[in-house]
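# What the coordinates show
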2 protein chains.
Amino acid sequence: MRAFLIVGNKAVTKPFNLNDLAGSAGRMDIICRCIAQSLFVSHGIRRDVEVYVLLLGSPDPPKALKIVGSEVRYMAPDERNVGGIIRKALSLDVDKDWRISSPGVYVARKNLEELLEELSRVYEIVYLREDGVDIRDVACDLKNPLFVLGDHIGLKEEDERLVLKYAKMVVSVSKLSLQADQCIVIVHYELDRC
Amino acid sequence: MRAFLIVGNKAVTKPFNLNDLAGSAGRMDIICRCIAQSLFVSHGIRRDVEVYVLLLGSPDPPKALKIVGSEVRYMAPDERNVGGIIRKALSLDVDKDWRISSPGVYVARKNLEELLEELSRVYEIVYLREDGVDIRDVACDLKNPLFVLGDHIGLKEEDERLVLKYAKMVVSVSKLSLQADQCIVIVHYELDRC
C-alpha cells in the first residue's frame with residue numbers, strides 16, 4: 001500500500017462553489033489535483049493507494065477526508081469532478097469516526113494529531129520536504145509509506161513539529177520547489193520503478 | 001530550452017463552456033493539465049519552456065496553440081484558469097502565422113506536419129511512448145528536446161507515422177500507462193536532475 005496525506009491550510013470545510021475552486025474554496029484546486037494524481041493512471045485507478053486530506057479552512061475546521069483507491073467509483077481526474085466529490089463529503093455532519101460519503105470516500109472530524117496517530121499504526125510516515133534525503137536513494141526500501149505534503153503554503157510550524165514527531169524519514173523529491181501534486185507524481189514514479 | 005507538443009484529438013476548436021472542460025469541450029481538462037504541468041513549479045513559471053498544443057476537435061480543426069514560458073503572465077495552474085486562456089485564443093480568427101492572444105499565448109492554423117516541420121528546425125523531436133528507451137538512460141544527453149504526447153486517446157496511426165518521421169528518439173517514462181500530464185512531470189523531473 002501507498003498513501004498520501006495532504007494538508008489544505010485554507011481549504012474550506014463546507015460545500016463550495018465549483019466555479020471558484022482556486023478562489024473562495026481556499027485553493028481547493030490544489031487538493032483536487034493531489035487526489036487525482038495520487039489515484040489515477042491512464043484509464044484507471046491505483047487500487048493500492050489511500051489518500052487523506054486535512055482541511056483547515058473556514059468555517060468548520062478541522063475536517064478530514066479519506067479516499068480509498070480500491071473502493072472508489074465514478075471519479076474522473078478533472079478538478080471539477082473531484083471537487084464535486086469533496087463538496088458532497090463536506091455537506092455531511094461529521095464526528096470522530098469515518099463516515100462514508102460516496103463509494104470509497106469518507107469524512108470525519110479529525111485534527112492532524114489524531115490523523116497521524118491513526119495512520120502511524122498502519123503506515124510508515126514520510127515527510128516530504130526539499131531538504132530531505134533523495135527519494136531515489138530510499139524509494140525501494142520504503143514499506144507501506146504514507147507521504148505527508150503541505151499545500152501552496154506548506155505546513156505551519158506547529159504542524160511540522162507534529163509530523164516530524166511521527167515521521168520515520170524526511171525525503172526530498174527535487175531540489176526545485178515543486179507543486180504538491182507534482183511531488184505525488186514523482187513519488188509514484190520512483191516507487192513504480194522499484 | 002525544453003518544449004512539449006500535446007495532441008488533443010477531440011479538444012474543440014471554438015470557445016467552450018468552462019464548466020464542462022471534460023465533457024463538451026472534448027477533454028480540454030487534459031490539455032489544461034498538460035499546459036500547467038509543463039509550465040508551473042511552486043510559486044513560479046519555468047521560463048525555459050514552450051508548450052505547443054494541436055487541437056483537432058470540431059468545429060474548425062486544426063488549430064495550434066503556442067505558450068511561451070518566458071512571456072506568460074496572469075496564468076494560474078488550475079484547469080479553469082488555463083481553460084479561460086485557451087478559450088480566449090480560440091475566439092480569434094486564425095491563419096498560418098502565429099497571432100498573439102494574451103501575453104505569451106499564440107494561436108494559428110497549423111496541422112501536425114506544419115507544426116513538426118517548424119519545430120524540428122529548433123528542437124530535437126522526442127516521441128513519448130511506453131515502449132521507448134528508458135528516459136533515465138537518455139535524459140541528460142538530450143539537447144533542446146521537444147516531447148510529443150497524445151491525449152487519452154494517444155496518437156492516430158497516421159499522426160504517429162508523421163511524428164516518427166521527425167523524431168530523433170522514442171522515449172518511455174514508465175512501464176505503466178500514465179496520463180499525459182504525469183508524463184510531463186516525470187520528464188521535467190528527470191531533466192532537472194541532470
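Residues numbered from 1 in each chain as written. Chains lettered and ligands numbered in written order. Predicted model: local features only at pLDDT ≥ 70, side-chain atom pairs only at ≥ 80, totals over all residues.

Let us now look at the pairing of strand 4 (residues 49-55) of chain A. Residue and element names in this part refer to chain A. Burial of strand 4 is extensive: seven of the seven residues sit out of reach of the surface. Every second residue of strand 4 is oriented toward a common face, with Val49, Val51, Val53 and Leu55 on one face and Glu50, Tyr52 and Leu54 on the other, all of them buried. Pairing geometry for strand 1 (residues 2-8) and strand 4, over seven bridges, is parallel. Residue pairing in the sheet places glycine 8 in a bridge with leucine 55 of strand 4. (Buried ≥ 20, exposed ≤ 12 C-beta atoms within 10 Å, placed from the backbone. Helix = DSSP H or I, 4+ residues; strand = E, 2+ residues; numbered from the N terminus. Pairing = 2+ DSSP bridges.)

Superposition of the two copies of the chain requires a rotation about an axis and a shift along the axis. Once chain B is rotated about the relating axis by 180 degrees and shifted along it by 0.0 Å, it coincides with chain A to within an RMSD of 0.0 Å. What the rotation and shift describe, once combined, is the action of a two-fold rotation axis. A share of 100% of the interface residues of chain B reappears at the interface of chain A, consistent with the copies meeting face to face through the same patch. (Least-squares fit on C-alpha atoms with pLDDT ≥ 70 in both. Contact = placed C-beta atoms within 7 Å.)

So, on to the interface of chain B and chain A. Of the residues lining the interface, 26 residues belong to chain B; the matching set on chain A comes to 26 residues. Among the elements of the structure, helix 1 (28-39), strand 2 (40-41), helix 2 (79-90) and helix 6 (180-192) of chain B are those that each provide at least two residues to the side of chain B that touches chain A. Residues that form the side of chain B that touches chain A fall into these classes: 11 nonpolar, 10 polar and five charged. (Nonpolar A, V, L, I, M, F, W, Y, C, P; charged D, E, K, R; others polar.)

The subject of this paragraph is the sheet that holds strand 4 of chain A. All names here are of chain A. Spatially, the eight strands line up as an open sheet ordered 6-7-5-4-1-9-8-10, and their pairing is mixed. On the outer flanks of this sheet lie strand 6 (99-102) and strand 10 (169-172), each paired with one strand and no other. Neighbour to neighbour, the strand axes of the sheet diverge by 30 degrees on average, direction disregarded. The strands touched by helix 1 (residues 28-39) within the sheet are strand 1, strand 4 and strand 5 (63-68), with strand 4 carrying the most contacts at an inclination of about 170 degrees. Set on the sheet, helix 3 (residues 112-119) makes contact with strand 1, strand 4, strand 5, strand 8 (124-134) and strand 9 (145-150); between it and strand 4 the angle comes to about 160 degrees. (Axes fitted to C-alpha atoms, helices over the stretch in contact; angles between N-to-C directions.)

The next point concerns unusual backbone geometry. Residue and element names in this part refer to chain A. Following serine 58, the chain continues to proline 59 via a peptide bond in cis, the omega torsion being 0 degrees. Tracing the sequence through the fold places proline 59 in the loop between strand 4 and strand 5. Positive phi is not limited to glycine here, since arginine 27 has a value of about 60 degrees. Note on arginine 27: 21 C-beta atoms within 10 Å, which makes it buried. Positive phi, normally seen in glycine, also occurs at histidine 43, with a value near 55 degrees.

Of all hydrophobic cores here, the largest spans 139 residues; its most connected members are Phe4 of chain A together with Phe4 of chain B. In contact with phenylalanine 4 of chain A, not counting residues within four places along its chain, are Cys34, Ser38, Val51, Tyr52, Leu146, Phe147, Leu149 and Ile184 of chain A. (Core = buried A, V, L, I, M, F, W, Y, C linked by C-beta atoms within 7 Å.)

Residue and element names in this part refer to chain B. Their axes nearest at 8 Å, the elements helix 1 and helix 6 cross at an angle of 10 degrees. Judged by the angle between their axes, helix 1 and helix 6 are roughly parallel. Residues Ile30, Arg33, Cys34, Gln37 and Ser38 of helix 1 form the contact with helix 6, whose participating residues are Ala180, Asp181, Ile184 and Val185. Considered class by class, the residues forming the contact of helix 1 with helix 6 number five nonpolar, two polar and two charged. (Parallel < 35°, antiparallel > 145°, perpendicular 65-115°, else oblique.)

Quick look at the sheet that holds strand 5 (residues 63-68) of chain B now. Residue and element names in this part refer to chain B. Read from one edge of the open sheet, eight strands run 6-7-5-4-1-9-8-10, paired in mixed fashion. Looking at the sheet topology across the chains shown, the edges are occupied by strand 6 (99-102) and strand 10 (169-172). Going from strand to strand, the sheet's axes swing by 30 degrees on average, the running direction of each strand aside. Its contacts with the sheet place helix 3 (residues 112-119) against strand 1 (2-8), strand 4 (49-55), strand 5, strand 8 (124-134) and strand 9 (145-150), and it is angled at close to 160 degrees to strand 4. Packing against the sheet, helix 6 makes contact with strand 1, strand 8 and strand 9, and its axis sits at approximately 160 degrees to strand 9.

Let us look at the confidence of the model for chain A. For chain A, the average pLDDT comes to 97, and 100% of its residues sit at 70 or higher. Here the predicted complex carries an ipTM of 0.97, next to a pTM of 0.98. (pLDDT = per-residue confidence, 0-100.)

Another point: the pairing of strand 8 of chain B. Residue and element names in this part refer to chain B. Pairing of strand 8 with strand 9, which is carried by four bridges, proceeds in the parallel orientation. Counterpart to isoleucine 125 in the pairing with strand 9 is leucine 146. As paired strands, strand 8 and strand 10 are joined by five bridges and run parallel to one another. Residue pairing across strands places aspartate 134 opposite serine 172, the latter belonging to strand 10.

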